[in-house]
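Residues per chain are reported as follows:
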Amino acid sequence: MKTDKRKDPLTGEEFIPKKVSQRFATPANRIKFNNEKASQIRTKRSFVDKPLHQNQLILLELLANKKETIVHQEFLRGRGYNFNVITHYDKWEERNIPCIYEFMIITLPNEQIKILKNDRY
């Protein structure tokens, strides 16, 4: 039997693997390593993800069971809505409209905002 030693990426300890694909000395080390890696990614993305999720919660609450609503920009700002983040653009009446997840955000005259829930999502 081959006794190649490997180095655990988390602790740096040397161990003899029981499987060909084993990278970590223990399952607990593997879990901790992957959790730390995922946490670092979440931290790097949080400056965008946090306002996006906050915006989605605001829009979900506003629309509840409705398909669309019209509100003033200041009303949304007062609720904590961030106009600097979107997830994508979608077509509405031959125009590209900014969207946040399943919601289309349409700017109207007099600082009014029309919010549509997109049926495709």
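Quick caveat: nothing in here was measured; it's all calculated off a predicted structure. (Residues numbered from 1 in each chain as written. Predicted model: local features only at pLDDT ≥ 70, side-chain atom pairs only at ≥ 80, totals over all residues. Heavy atoms only, no water.)

A. Looking closely at the confidence of the model for the chain. Of all residues in the chain, 98% have pLDDT values of 70 or greater, and the mean over the chain is 93. Put simply, strand S4 (residues 88–92) is where the chain has its lowest mean pLDDT, 92, and helix H2 (residues 73–79) is where it has its highest, 96. (pLDDT = per-residue confidence, 0-100. Helix = DSSP H or I, 4+ residues; strand = E, 2+ residues; numbered from the N terminus.)

B. Quick look at the nonpolar core. Within the largest apolar cluster, 14 residues are counted, with the highest numbers of intra-cluster contacts made by Leu59, Leu76, Tyr81, Ile105 and Ile115. Secondary-structure elements contributing two or more residues to this core are helix H1 (27–63), strand S6 (103–108) and strand S7 (112–117). Apart from the residues lying within four places of it in its own chain, the contact partners of leucine 59 are Tyr81, Ile100, Phe103, Ile105 and Ile115. Trp92, Ile97, Cys99 and Met104 belong to the second largest nonpolar core, which has six residues in total. (Core = buried A, V, L, I, M, F, W, Y, C linked by side-chain atoms within 4.5 Å. Buried < 20%, exposed > 50% of the residue type's maximum accessible area, 1.4 Å probe, protein only. Contact = heavy atoms within 4.5 Å.)

C. Representation of unusual backbone geometry. Even without being a glycine, glutamate 94 presents a positive backbone phi close to 65°. Here glutamate 94 lies in the loop between S4 and strand S5 (95–100). On the basis of relative accessibility, which here comes to 73%, the residue glutamate 94 falls in the exposed class. Backbone geometry places asparagine 110, a non-glycine residue, at a positive phi of 60°. Along the polypeptide, asparagine 110 turns up in the loop between S6 and S7.

D. Geometry of the side chain of aspartate 8. Structurally, the position occupied by aspartate 8 is in the loop between strand S1 (6–7) and strand S2 (14–15). Buried charge aspartate 8 goes without a salt bridge, the closest partner of opposite sign being arginine 23 at 8.1 Å. Excluding residues within four positions of it along the chain, aspartate 8 makes contact with Glu13, Phe15, Arg23, Phe24, Ala25, Thr26 and Asn29. (Lys, Arg positive; Asp, Glu negative; His and termini not counted. Salt bridge = Lys/Arg side-chain N within 4 Å of Asp/Glu carboxyl O.)

E. Highlighting the packing of aromatic side chains. Per the counting criterion, the structure on display carries two aromatic pairs. Taken together, a centroid distance of 5.2 Å and an interplanar angle of 50° make the contact between phenylalanine 24 and phenylalanine 33 tilted. For the pair tyrosine 81 and phenylalanine 83, a centre-to-centre distance of 4.8 Å together with 65° between the ring planes defines the contact as edge-to-face. (Phe/Tyr/Trp six-rings, centres within 6.5 Å; stacked < 30°, edge-to-face > 60°.)

F. Up close: the pairing of S6. As judged from the two bridges shared by S5 and S6, these two strands associate in the antiparallel manner. Across the sheet, cysteine 99 pairs through a bridge with methionine 104, a residue of S6. Counting the residues that bridge the hairpin from S5 to S6 gives two residues, and of these tyrosine 101 lies at a positive phi of roughly 50°. Bridge count for S6 against S7 is six bridges, and the pairing is antiparallel. Residue pairing across strands places methionine 104 opposite leucine 116, the latter belonging to S7. Linking S6 back to S7 in an antiparallel pair, the connection comprises three residues, with asparagine 110 at a positive phi of about 60°. (Pairing = 2+ DSSP bridges.)

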